[in-house]
Structure formats: C-alpha cells, structure tokens
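Below, each chain spelled out in residue letters.
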Amino acid sequence: MDYKNAGVDIEAGYKSVELMKQHIAKTMRPEVLGGIGGFSGAFSMNAFKDMEEPTLVSGTDGVGTKLKLAFVMDKHDTVGIDCVAMCVNDIACAGGEPLFFLDYIACGKNYPEKIAEIVKGVAQGCQQSNAALIGGETAEMPGFYPVDEYDLAGFAVGVVDKKDLITGEELNTGDVLIGIASSGVHSNGFSLVRKVFDMSKESLDTYYDELGATLGEALIAPTKIYVKALKSIKEAGVRIHACSHITGGGFYENVPRMLKEGTRAVIEKDSYPVLPIFKLLQKTGNIEEKMMYNTYNMGLGMVLAVDAKDVDKTMNAVKAAGETPYVVGRIEKGEKGVTLC
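These figures come from a predicted structure and were not determined experimentally.

Criteria and cut-off values
- Residues numbered from 1 in each chain as written.
- Predicted model: local features only at pLDDT ≥ 70, side-chain atom pairs only at ≥ 80, totals over all residues.
- Heavy atoms only, no water.
- Helix = DSSP H or I, 4+ residues; strand = E, 2+ residues; numbered from the N terminus.
- Rg over C-alpha atoms; globule rule 2.2 N^0.38 Å.
- Buried < 20%, exposed > 50% of the residue type's maximum accessible area, 1.4 Å probe, protein only.
- Contact = heavy atoms within 4.5 Å.
- Areas by Shrake-Rupley, 256 points an atom, 1.4 Å probe, with all protein chains shown as cover.
- Lys, Arg positive; Asp, Glu negative; His and termini not counted.
- Charge placed at Lys NZ, Arg CZ, Asp CG, Glu CD.
- Expected span 1.5 Å × (residues − 1).
- Pairing = 2+ DSSP bridges.
- Axes fitted to C-alpha atoms, helices over the stretch in contact; angles between N-to-C directions.

Things to note about the overall build of the protein chain
(1) Moving on: Helix and strand counts for the protein chain stand at 12 helices and 14 strands.
(2) Moving on: For 341 residues, the compact-globule formula gives about 20 Å, and the C-alpha radius of gyration of the protein chain, at 21 Å, lands near that figure.
(3) Moving on: Over its C-alpha atoms, taken along the principal directions, the protein chain stretches across nearly 70 × 55 × 30 Å.
(4) Moving on: Put simply, the protein chain has 341 residues, and 52% of those count as buried.
(5) Moving on: Put simply, of all contacts in the protein chain between residues at least 6 apart along the chain, 85% involve residues at least 24 apart.
(6) Moving on: Accessible area for the protein chain stands at about 15,500 Å²; split by element, carbon and sulfur atoms hold 51% of it.
(7) Moving on: With 35 positive and 46 negative side-chain charges, the protein chain shows a separation of 3 Å between the mean positions of the two kinds.

Rendered as structure tokens:
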C-alpha cells in the first residue's frame, strides 16, 4: 500500500505546479520576493513606505455553487477570475490597492491539466487587478470530494493610506449614486439559479435570442473586476464618499453597509438596464421582484456615492477604465437603508 493507492497522486501534484507556472509568472510584481514553490510567499513593503499611515486591507471568498456549472460545462478557465474578483472587489471597495493573492483548490482527484486551467483563470483575475499570485495550495482529497469535482477559494491582501480609506463617514445628503455595470450573475445566488434552470448540458447549450448566447455562456460569464475603475476615479481627483460591492444579498443587504446612520440610499430601478439574464431568471422561476433585488446584482456590480459636483469626472473616469457607469440615485436624510423606486 502506498499514497497513490490511497488515492493521492503526488506526481500529478508536481505536474500541476509545472503547468501553472507559466500563468503565475504573468502576475508578478516587482515587490514579489523569491519564486514559486516555497513554503510561503514573500512581498516587499518597500512600495508603500512613503504612505503616511499604510493600512492593510484583506478579503477572502470562494466561487460558491457556480462551480457546479463549470463541472457540467467542463469549462474551468474562468472560475478563477470569479474567485479573484470576489476578494479584490471588496478591497477596492475600501479604497485599497490589491497587492497579492493566494488560492486554495481542493479536489477529489488531481487532473493536472484541469488544475492548470483553474489557475490560468486565477492568474487572469490577478492580471486584471494588478495583484501578484504569490502562492496557493492544491489539496487532493479522495473520498471527501467526488473525483470530477473541486472547490476553489482565495485570499487577497491590499494596502491603502489610512486617510484614503472609504468608510462611509464622509457621506452627505445630496450625494449622487453611481452604479457600474456587471457582466451578469457574477458569483452569487447560484443555488437559486440551479433550482430555476435545468443544469444539464443540453439545457446549458440552449441558445436564447434575448441573451445573445447560450444559457451556459450567460451564466458562467466571469465576475467583473472593478479595481481599475475605482483607481481611475481616484486618479481623477474624486473622493468617493461610500462604496458597495453588490454581492450576495443584492441591494437590500449590501447598499446599507456603505451608509452611515441618518442616511438613506434611493435607487431608481429604471435608471439603468437590467441585464437579460435576470429577466429570464425571474420569468422562468416566477421570482418576486423584491427577491431578485435581494439576491442578485441585477446589472450593477458596484455602487458608489460622490459629491454632485464630481459626477461628470467620475463617469468619465469609469469610462476611461473600460467600464459602463450609470447615475442611479441619491443619498437622502432618513433611516439607514435603501429604497428602490
């Protein structure tokens, strides 16, 4: 009896590392010390030594049951982007710059080519957010996961000068809310998605005119990464007063998180286009509108508040970063919460 007969292939693990090295190399930053394969990842603090009060910000998350979609479609090269996005968007939401990322993949059986595809997506997400992929773990766990399934999670660290932290304390009545378009469902609410739609390959390969894509293509579209857009706003000289990443819990849970006591967000539902995938999901599943807004991003992955005088500069900065912004509402005086009208 040996480890391989017990279900763990050490040689496959070595091959996975070799295959992923080319993708990891594309994410390197000058601050990264050492190479791939050490017991830990090292990152120099020299880059932010001139900040008045350098403050670390961090985020951790996974892809959730969206992975079930990847299994059925046998498409594993984009879920890594989702994993990175869910972490770095939270960091950017606080005003931080992502510095580095680590991933964790647990699988029933290590198929090196599949693992390399997953890490390829992670590396692409890191490139989009200018974060270095400095380490990770691939755990082969036979008997714990089915041989053709895996889980994916990650952890990111960023930095911000304390004076630049976005806390919501600067929020004022009359501030304007700007939403930045999402790419689709992102990585939340897939347990409900999987109840509404048949997750068979035949169903996912069905083309819908209103989507301009197959159902599977629309659902698996990777989560938008908003790091460059928020950095562009900052470089335009705009001070973001508050910011919310619209993830699990949709508008009703996430928007209030950016508010201070005595302020209320008012969002006009017809101020931006709801993406076709949400309309199809709501219609097919006969889901109440409030539940949709309480679960999904409905077409806006990030909502931020700025002074009314900074609206034009903010809109132009977001467009310059390649994203699509909308003026979607305002901040009013009132009980902390959100009104959708």
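The discussion continues.
Description of helix H4 (residues 112–129)
(1) Moving on: Under the 1.5 Å per step criterion, the end-to-end length of H4 is 26 Å for 18 residues, consistent within 8% with the ideal 26 Å.
(2) Moving on: All of the buried residues along H4 are Pro112, Lys114, Ile115, Ala116, Ile118, Val119, Gly121, Val122, Ala123, Gly125, Cys126 and Ser129.
(3) Moving on: Elements in contact with the buried residues of H4: helix H1 (10–25), helix H3 (79–93), strand S4 (97–107), strand S5 (132–140), strand S6 (150–161) and helix H8 (227–235).
(4) Moving on: Directly beyond the C-terminal end of H4, a positive phi value near 60° is found at Asn130.

Looking at unusual backbone geometry
(1) Moving on: One non-glycine residue, His186, lies in the positive phi region at around 60°.
(2) Moving on: Secondary-structure assignment places His186 in the loop between strand S7 (176–181) and helix H5 (190–196).

So, the sheet that holds strand S13 (residues 325–333)
(1) Moving on: Taken in spatial order, the six strands of this open sheet run S10-S12-S7-S13-S11-S14, and their pairing is mixed. On the outer flanks of this sheet lie strand S10 (242–245) and strand S14 (337–340), each paired with one strand and no other. Averaged over all adjacent pairs, the angle separating strand axes in this sheet is 25°, with direction ignored.
(2) Moving on: Relative to the sheet, H3 contacts S10 and strand S12 (300–306), its axis offset from that of S10 by approximately 170°.
(3) Moving on: Together, S7, S12 and S13 form the strand contacts of helix H12 (residues 311–320), whose direction differs from that of S13 by roughly 145°.

Focus on the sheet that holds S5
(1) Moving on: One open sheet holds the four strands; their spatial order is S3-S6-S4-S5, and the pairing between them is mixed. Two strands in the sheet have a free side with no partner beyond their single neighbour: strand S3 (54–62) and S5. Taken over all neighbouring pairs, the strand axes of this sheet differ in orientation by 15° on average, direction set aside.
(2) Moving on: Sheet analysis places S4 next to S6, joined by 10 bridges and oriented antiparallel. Looking at the pairing, Ala106 lines up with Asp151 of S6.

Things to note about the pairing of S6
(1) Moving on: Burial analysis of S6 places nine of its 12 residues in the buried class, which makes it a mostly covered element.
(2) Moving on: As defined by bridge partners, S3 adjoins S6 across nine bridges and the pair is classed as antiparallel. Bridging from a neighbouring strand, Pro54 pairs with Asp161 of S6.

Structural notes on the pairing of S13
(1) Moving on: In terms of strand pairing, S7 meets S13 through five bridges, oriented antiparallel. The partner of Ile178 across the bridge, within S13, is Val327.
(2) Moving on: Relative to S13, strand S11 (residues 263–267) is paired through five bridges, and the arrangement is antiparallel. Paired with Ala265 across the bridge in S13 is Ile331.

Worth remembering: the numbers are spatial, not functional.
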